Amino acid sequence: SALYTAHAGSGFSGAVSRGLLAVLCLLPPTVLMGATLPAMSRWIEATPSGVSWLGLFYGGNIAGAVGGCLLAGFYLLRVHDMYTATYVAAAINATVAGIALAFEAISRRRSGVDATSESFSVPAPGADEARPQPPDHGLPAWPVYVAIALSGMTALGAEVVWTRLLSLLMGGTVYTFSIILGVFLIGLGIGSTIGALLARNLRSPRLALGRCQWLLVGGIAWTAAMIAYSLPHWPINPSLALSPWYTFQLDLARGLWTVLPAALLWGASFPIALAAVADPTKDSARLVGGVYAANTVGAIGGALLFSLLIVPAFGTLAAQQLLAALSALSALVLLGWRSRSTEVVDQASTGGKLSGNLFTGGITSLIIVTVTLVAIGTMSPAHWGLVAYGRFMATYGNRLAPEITSEKSVPSSGNPDIYCTYVGEGLNGTIAVTKWTSGIRNFHSAGKVQASSDPRDMRLQRMLGHLSALVHEKPESVLVVACGAGVTAGSFVVHPETKRIVICDIEPLVPQVVAPMFAKENYNVVKDPRTQVVSDDGRHFIRTTQEKFDIITSDPIDPWVKGCAALNTIEYYEMCKAHLNPGGVMSLWVPLYESNAETVKSVVAAFFKVFPQGIIWSNDDNGEGYDAVLFGQAEPTRLDLDRLQARLNRPDHAAVRQSLEEAGFSTWVDLLATYAGQAPDLQEWLADAQINTDRNMRLQYLAGWAANSYMGGEILNGMLKYRQFPAGVFQGTSVQVQRLRSRFRNVPPKDSVSSTGTASEHLTPQH
C-alpha cells in the first residue's frame, strides 16, 4: 500500500496503475477459475456428443454464478461484509475441491489405477479411420476461434453498454448491478444448456454457430430498441414502490425482457463452438482450453475497448451499432469461409465440377450485410430524459422536449417546459444539462439532478463553501471533491484569502463542459487562475497526494449510487482529516430526500466518529427536510460572532456578502441559524447507527434499499429533538449571541444566557 501510494498518480497514469494493481490481486484466483473447465474436459471425449457435456457443465457453472451473484449482492454483502462474503466463497471452493478429490480417489480405487499415475487412452493404429468423423471434419479451425473470440468481445462489450443504460433506468444501486449481471448470467446459462443439447446432433456445428452470430444482430437491435423506445416510457412511478422486493421483481422483469434474447445466443455459442472444433484424435483439454481462451481474450478486449474507448469517444448508440457489426462479421467469417472450404472439398470429390456452394455463400453474405445495415440504421439513441431523470422519466410525461436543443433556442414559456441543452457520455458516467422555461438550469448525473440553479440547491451549494470559509480564519488552500455545477467551488472564488482551489472530479466532462455552463452561478471558477482541475477519483487523489489543505469540502453523488459509499467511510474521513492543516475544516453534503433514517444515521455517525465535535447544518425546504451539511474540525469549533460580523463588513468581503444574499442569506445570522445539532447532543439519536467502513460498505446497501423513500421531514425532526444551543461554539457579546438565539423559539429568559452564548436547553425549529 505504501509503495503504491508513493508512485501512483492521477488521470490516465493513475487509472493504469490501479488497473495493474487490480491485475496483481485478481489474476491468481481467476487463473485457477479459468483452468477448471479445461481440467474437467479430460473426463470426456473430443467428439460433438462428448463436448456437449461440457456445454452442460458450463451451464451449471453459470447457474452457480447466478446464485452467487444474487446471494452476495442481496444478502452476504448487505447483511454482513466483504470479509464474510469472501470466506463463504472460499469455503464453497474448499468443499468443491474436497468432493472432487474424494470422487477421484473412489474412481481410482475402483478402477485399480495407481493414484500417483496418469492414464490416458491411446488410439490403436487405424482406429482414427474407424471412428465416425465430426460433420465439419477437415475444415480449418481458425474461423471458429475468430468467431468465438468476436462473440466474447460483443458479449462483454454489450454488458458494459447496457449496464450503463439500464442503471440509469433502474437507478445505479448495488442491487441494480447485481440484477443486470444476474440477468446476463441467466441468459448465458440457459443458452449454453440449450446449445449443448443441440450440439449432439447438429449436421454442421459451424453453420449453427454462424447462424447464432447472425441472430445476435437481431438480439442486439432488440435490446437497443427496448432501451430507446419502450422501457423508459413504461408508466412506472418508483416513489410508489415502498417495498424493495417489489422493485427487485420489476427490475428483474425489465432486465430479462431487454437482455435475455441476446444473452441466450451468446450462451449457446460456446458449446456449439466446442462441437465445431471437436476432433476425437486430439486432446479434449487442448481443444476446450483453446476455445475457452479465445472467448475469454475476446471478452477482455470487449470490456476494455467499449468501456475505455468506444463509449467515451463515440457514445452508446455507436457502440451498439458496432456490436451488431462485429456479430455480423463473426457470422461472415464462419459462413463465408465454410462455403469456400466446402467448395474445395466438393471440387475434389466431383472432379472439379462446381457445386454452387460459393454462389450460395455469396448470397448468404449479401443477406447478412444487408440485414445488418438495416438493423444498424434503425437504431436510435436513448431519449435524453433517460439520462436526465432516469427511473422517473415516465413521470415527467409531456413536460420533456423531444430533442436536444441549444441554450439559445430554449423558449421562455410553452409546452413542453423542460429542454435538454447538453448530453455527454464520458469515461465514468453519462451526464446532461437541462433548462426549464422558468430559467432554472440543472446538471444531471446517474439519472437524477445533482446540482442546479434552483434556490434550494443554491443555498446548499453556497452553504458548503461559505460555512467552511467563514469558520476558518484564513482559508488559503481548498480541495473540492466532486465539481458538480461548480457552485461550491465557486463560493471560494469571492473570498479574498483564498490562494489555491483544487477541484477533483472523476468525470472529466463535468469541469470541462458542465461547470462553464454555470459560469454565472460559480463565478467561472474553472477559469480562475487560482484553480487546478484534477481528473481522478476523490478518494484516490486524497490517498495519494502529499498536499494538505485548509478546507476539504466533499459533495459526492447520492449515497445510493454504487461506489459512493467509499467517499463516506470512516477510513475516508480519516484520510481527509490527515490532509487538513491545523485549524482546517471538512464539510460534506448529506441528502435527506430519497433516503431513510438508517441511511442518514450511517453517514452522520461515521463522520462524527472521526470528528467527535462535528456539527450538522440543515438546508430545509419550508421546514421539511431536504438536505444538510456535515461540518468538522480536528479541534473543537469556535466561532466568534463579533469577529465574523467585522469580517463580513470589510470592503474586500463585499462579494462574499452578495454571494450569501443571492443564496437567501441576508445576514450571517441567517446562515448560522441553519444549525441543526452537534455530535455530542446527537449520540442518543445515533445509538443504533450502522457505521460505514471500507470493510462493509454498509451505506450503499442501506441507501440502495431506501432509494425510493421520501422521509426527509421525519429525519430532520428526529435530529432536531436533540438539538441544543452549542456550548462554546457560538461565542461573542451577548448582543450578537442573542441575535442568533432569537431565530429560535422557546429560548429561556435573556439573563440566563452567558456572554459566551452557551446554554443546554433543547430548541425547536422556527417553521
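Whatever comes next refers back to the structure up there.
Anyway, here's the lowdown on the structure attached to this text. From a predicted model like this one, the values you see are computed outputs, not experimental measurements.

Re the environment of G538
In this fold, G538 is placed in helix α19 (residues 538-544). The class of G538 is buried, set by a relative accessible area of 6%. A sequence separation of 28 residues divides G538 from A566, and the C-alpha atoms of the two residues are 9.7 Å apart. Setting aside chain neighbours within four positions, we find G538 in contact with V481, C504 and L567.

Section: the pairing of strand β12 (residues 624-633)
In terms of burial, β12 is a largely internal element, nine of the ten residues being buried. Bridging between strand β10 (residues 580-591) and β12 involves seven bridges; their strand directions are antiparallel. Within β12, the position partnered with W589 by the bridge is V629. Here strand β11 (residues 615-621) pairs with β12 via six bridges, running antiparallel. Considered in β12, the bridge of D621 is made with E624. Where β11 folds back on β12, the antiparallel hairpin that results is connected by two residues, among which N622 adopts a positive phi of roughly 55 degrees.

Some details on the pairing of β10
Consecutive side chains of a regular strand alternate in pointing toward one face of the sheet and then the other. The buried count for β10 comes to nine of twelve residues, which makes it a mostly enclosed element. Where strand β9 (residues 549-554) and β10 come together, five bridges link them in parallel fashion. Its bridge partner being in β10, I551 is matched across the sheet by V585. Following the chain from β9 across helix α20 (residues 570-578) to the adjacent parallel β10, one finds a crossover that is right-handed.

Some details on the side chain of S554
Along the polypeptide, S554 turns up in strand β9. Among the polar contacts made by the side chain of S554, one reaches the side chain of Y572 at a distance of 3.4 Å. With sequence-adjacent residues up to four places away left out, S554 is seen in contact with V481, Y572, M586, S587, L588 and W589.

Describing a nonpolar patch on the surface
A cluster of nonpolar side chains, namely I300, L304, L308, L309 and L427, defines an oily patch on the protein surface of about 470 Å² accessible area. Counting through the fold element by element, L308 comes out in helix α10 (residues 284-314).

Details of the packing of aromatic side chains
Under the counting rule described, the total for this entry stands at 23 aromatic pairs. Ring plane angle 85 degrees and centroid distance 6.2 Å describe the contact between W617 and F631, whose orientation is recorded as edge-to-face. In this pair, W617 sits in strand β11 while F631 sits in strand β12, placing the two residues 14 residues apart along the sequence. Taken together through their ring pairs, the aromatic side chains of F74, Y175, W245, F248, Y701 and W705 make up a single cluster. Above the face of the W705 ring, R78 is positioned so that its terminal group lies 4.4 Å from the ring centre. When the ring centre of W560 is taken as origin, the NZ or CZ atom of R391, which lies over that ring, is 4.9 Å away.

Focus: the sheet that holds strand β8 (residues 531-535)
Taken together, eight strands build an open sheet; the order of strands is β8-β7-β6-β9-β10-β12-β11-β14 and the sheet is mixed. A strand with exactly one partner marks an edge of an open sheet, and here the two such strands are β8 and β14 (675-678). The mean inter-strand angle of the sheet, taken between neighbouring strand axes irrespective of direction, is 20 degrees. Set on the sheet, α20 makes contact with β6 (477-481), β9 and β10; between it and β10 the angle comes to about 145 degrees.

Let's talk about the pattern of salt bridges
By the definition in use, this model includes 22 salt bridges. In this structure, R643 engages E473 in a salt bridge whose closest nitrogen and oxygen atoms are separated by 3.7 Å. Taken together, the residues span a long stretch of sequence, with R643 in helix α22 (residues 641-649) and E473 in the loop between α15 (455-471) and β6 at a distance of 170 residues. Residue classification places R643 among the exposed positions, given a relative accessible area of 53%. Each of the salt bridges in this network shares a partner with another, and the network as a whole consists of E407, K435, R441 and E521.

Thoughts on the sheet that holds strand β5 (residues 448-452)
Spatial strand order, β1-β2-β3-β4-β5: five strands in an open sheet with mixed pairing. Strands at the two margins of the open sheet, each flanked by one partner only, are β1 (400-404) and β5. Across the sheet, the mean angle separating the axes of adjacent strands is 30 degrees when strand polarity is ignored. Pairing of strand β4 (residues 441-445) with β5 involves four bridges; the strand directions are antiparallel. By the bridge assignment, N442 is partnered in β5 with S452.

Concerning unusual backbone geometry
At the junction of N415 and P416, the peptide bond is cis and its omega measures out at 5 degrees in the coordinates. With respect to the element layout, P416 can be found in the loop between β1 and β2 (418-425). With a phi angle near 60 degrees, A446 is a residue other than glycine that sits in the positive phi range. Mapped onto the elements of the fold, A446 is located in the loop between β4 and β5. We classify A446 as buried; its relative accessible area is 18%. If you check the backbone angles, A482 has positive phi at about 85 degrees while not being a glycine. Position of A482 among the secondary structure elements: in the loop between β6 and α16 (487-491). A residue is classified by how much of its surface remains accessible, and A482, at 19% relative accessible area, is buried.

About the criteria used
- Residues numbered from 1 in each chain as written.
- Predicted model: local features only at pLDDT ≥ 70, side-chain atom pairs only at ≥ 80, totals over all residues.
- Heavy atoms only, no water.
- Helix = DSSP H or I, 4+ residues; strand = E, 2+ residues; numbered from the N terminus.
- Buried < 20%, exposed > 50% of the residue type's maximum accessible area, 1.4 Å probe, protein only.
- Contact = heavy atoms within 4.5 Å.
- Pairing = 2+ DSSP bridges.
- Right-handed = clockwise from strand over helix to strand, strands pointing away.
- Polar contact = N/O pair within 3.5 Å; in protein donor to acceptor, adjacent residues only side chain to side chain.
- Patch = residues over 30% accessible without salt bridge, like charges linked within 9 Å, V, L, I, M, F, W, Y side chains within 5 Å.
- Areas by Shrake-Rupley, 256 points an atom, 1.4 Å probe, with all protein chains shown as cover.
- Salt bridge = Lys/Arg side-chain N within 4 Å of Asp/Glu carboxyl O.
- Phe/Tyr/Trp six-rings, centres within 6.5 Å; stacked < 30°, edge-to-face > 60°.
- Lys NZ or Arg CZ within 6 Å of the ring centre and 35° of its normal.
- Axes fitted to C-alpha atoms, helices over the stretch in contact; angles between N-to-C directions.

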